[in-house]
Amino acid sequence: MNLSPSAHAQPIIDAVRKMVADVIAPMDAEFLAEVDVGDRWQFTPRQTEILEGLKTQAKAAGLFNLWNTMDGGAGLSTVDYAWAAEEMGKSHLAAEVFNCNAPDTGNMEVFARYGSDSMKSQWLAPLMAGEIRSAYLMTEPDVASSDATNIAMTCVRYGDDYVLNGEKWWSTGAGDPRCAVYIVMVRTGGDDMPKHQRHSMIVVPSAAQGITKLRAMEVYGHDDAPHGHMHLRFENVRVPAENMLLGEGRGFEIAQGRLGPGRIHHCMRAIGQAELALEWMCKRGLARQAFGKDLTQLGGNFDIIADARMEIEQARLLCLKAAWMMDQGDARAAAPWISQIKVVAPLMALKVTDAAVQMHGAEGISQDTPLARQWTHLRTLRLADGPDAVHRRQVARAELHKYQTEKR
Ligand SMILES: Cc1cc2nc3c(=O)[nH]c(=O)nc-3n(C[C@H](O)[C@H](O)[C@H](O)COP(=O)(O)OP(=O)(O)OC[C@H]3O[C@@H](n4cnc5c(N)ncnc54)[C@H](O)[C@@H]3O)c2cc1C
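Remember, it's a predicted structure, so these values are computed and weren't measured experimentally. (Residues numbered from 1 in each chain as written. Predicted model: local features only at pLDDT ≥ 70, side-chain atom pairs only at ≥ 80, totals over all residues. Heavy atoms only, no water.)

## Focus: the side chain of T149
Examined against the element boundaries, T149 turns out to sit in the loop between β1 (133-137) and β2 (154-158). The buried category is assigned to T149, whose relative accessible area is 9%. Within the local environment of T149, its side chain forms a polar contact with the side chain of D147, the two groups lying 2.6 Å apart. Beyond its immediate sequence surroundings of up to four residues, T149 is in contact with K195, H196, H199 and F252. (Helix = DSSP H or I, 4+ residues; strand = E, 2+ residues; numbered from the N terminus. Buried < 20%, exposed > 50% of the residue type's maximum accessible area, 1.4 Å probe, protein only. Polar contact = N/O pair within 3.5 Å; in protein donor to acceptor, adjacent residues only side chain to side chain. Contact = heavy atoms within 4.5 Å.)

In structure tokens form, the structure reads like this:
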């Protein structure tokens, strides 16, 4: 098992690292401050200039769509991509600059693997070009959505169309004025169908008649404008029957068949965020003194720093192992490793970031460092990427499965 970057990937990873550190991260603060200028749900001219300028540079350097590990893609394996994504985690803007941001990468993979030719030209091509954005709509306010078999939005066939009714919330990216298309998880089958064949994924243009944006959900008081996590109502939203992906009842097949790095890119980036937090923690601890000593020399701070280093290394290795399992191409075998890292990486990064916040005193929770924003983001991951408990359930089931035959 080789967890190092390939020779082809190394210069790409180096270029990503350099561009994040030298060019992208220095623009984060200005970009974020612009959100409060004018309409929060539109990009200001300066924001567009910053983002599009950086995207143009990334394209010119051949660093666009690195997530595409499929044939004809950037030529990176999932392991290679993990190293690049770690670097992207160190800046707010970086993932989008390289066209590797959520939820677009997952949606692009779905279009690439399961979309019709017309879906590929209408949606995949402009997504790959970074011209439009997309959202993935699964979660609903009225059902426990961590169990996707509960999803209830109706989708009924009438002649050549499907008609959708229901509500979705936490639709990340649906507030973005560039968001043109949704991939929507819906219920198409009755109780007579097997549990995992009752649901489907269907493509809905965001401009379709009958969709109302009810509100933006807030994350610890932040609306994350202009990207947003929207609460949407669908009332008799009509789309052509050919918008159904793969066929009725195959929603879970699509969700489970995906093996692109989008499955664990949040984890890969969380490792980078933890590295950034440890760097800030060490620099702050050495630069500031209390009670006659550097902060690093006080209380348990040595141990905190040591634990952070050890836990980052452990999580990185697990993340790379999950990536390597994905590269073997067997979705079923890779699944427990994906679940493990989805628990481990956000928890670890959250702990390290929290320690870095503490070392900064009150400044740590303020707007003057990236730590507070990072903490909030990492805390949401423990839900947004599926609740920890659901991933633990998968890990335990895989473990027990090994012995169940023996017991029988
Ligand atoms: C910032 C953010 C962005 C998001 N973006 C999107 C998006 O783009 N698209 C989308 O569709 N959704 C999105 N979500 C929603 C997210 O996927 C769901 O919140 C998540 O799947 C959990 O569903 P739920 O909120 O309905 O919680 P519930 O299903 O009600 O679960 C609540 C709690 O029940 C417990 N629980 C559940 N199952 C088990 C179990 N097996 N064992 C033990 N305890 C259990 C857990 O503690 C869990 O946290 C986002 C969420 C956030 C916070």
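After presenting the structure, the write-up continues.
## Observations concerning helix α4 (residues 78-88)
Buried residues dominate α4, accounting for 10 of its 11 residues. Inspection of α4 places T78, V79, D80, Y81, A82, A84, A85, E86, E87 and M88 among the buried residues, and these make up the whole buried set. Residues of α4 that are buried sit in contact with α1 (10-24), α5 (94-97), α9 (265-287) and α10 (301-327).

## Examining the packing of aromatic side chains
One pass over the structure, following the stated rule, counts two aromatic pairs. Ring centres of F31 and F43 lie 6.4 Å apart, and the angle between their planes is 55°; this geometry places the pair in the tilted category. Remark: F43 occurs in the loop between α2 (28-33) and α3 (45-60) and F31 occurs in helix α2; sequence separation between them is 12 residues. For the pair F31 and F43, one class covers both residues: buried. (Phe/Tyr/Trp six-rings, centres within 6.5 Å; stacked < 30°, edge-to-face > 60°.)

## Here we look at the nonpolar core
Among the nonpolar cores identified, the biggest contains 88 residues, and F98 and I264 are the most heavily contacted of them. For this core, the element with the highest residue contribution is helix α11 (residues 331-359), accounting for 12 residues. Not counting residues up to four positions away in its chain, the partners in contact with F98 are V16, M19, V20, I24, A58, L63, F64, N65, L66 and M88. Ranked by size, the runner-up nonpolar core spans 22 residues in total, among them I211, F234, V237 and V239. (Core = buried A, V, L, I, M, F, W, Y, C linked by side-chain atoms within 4.5 Å.)

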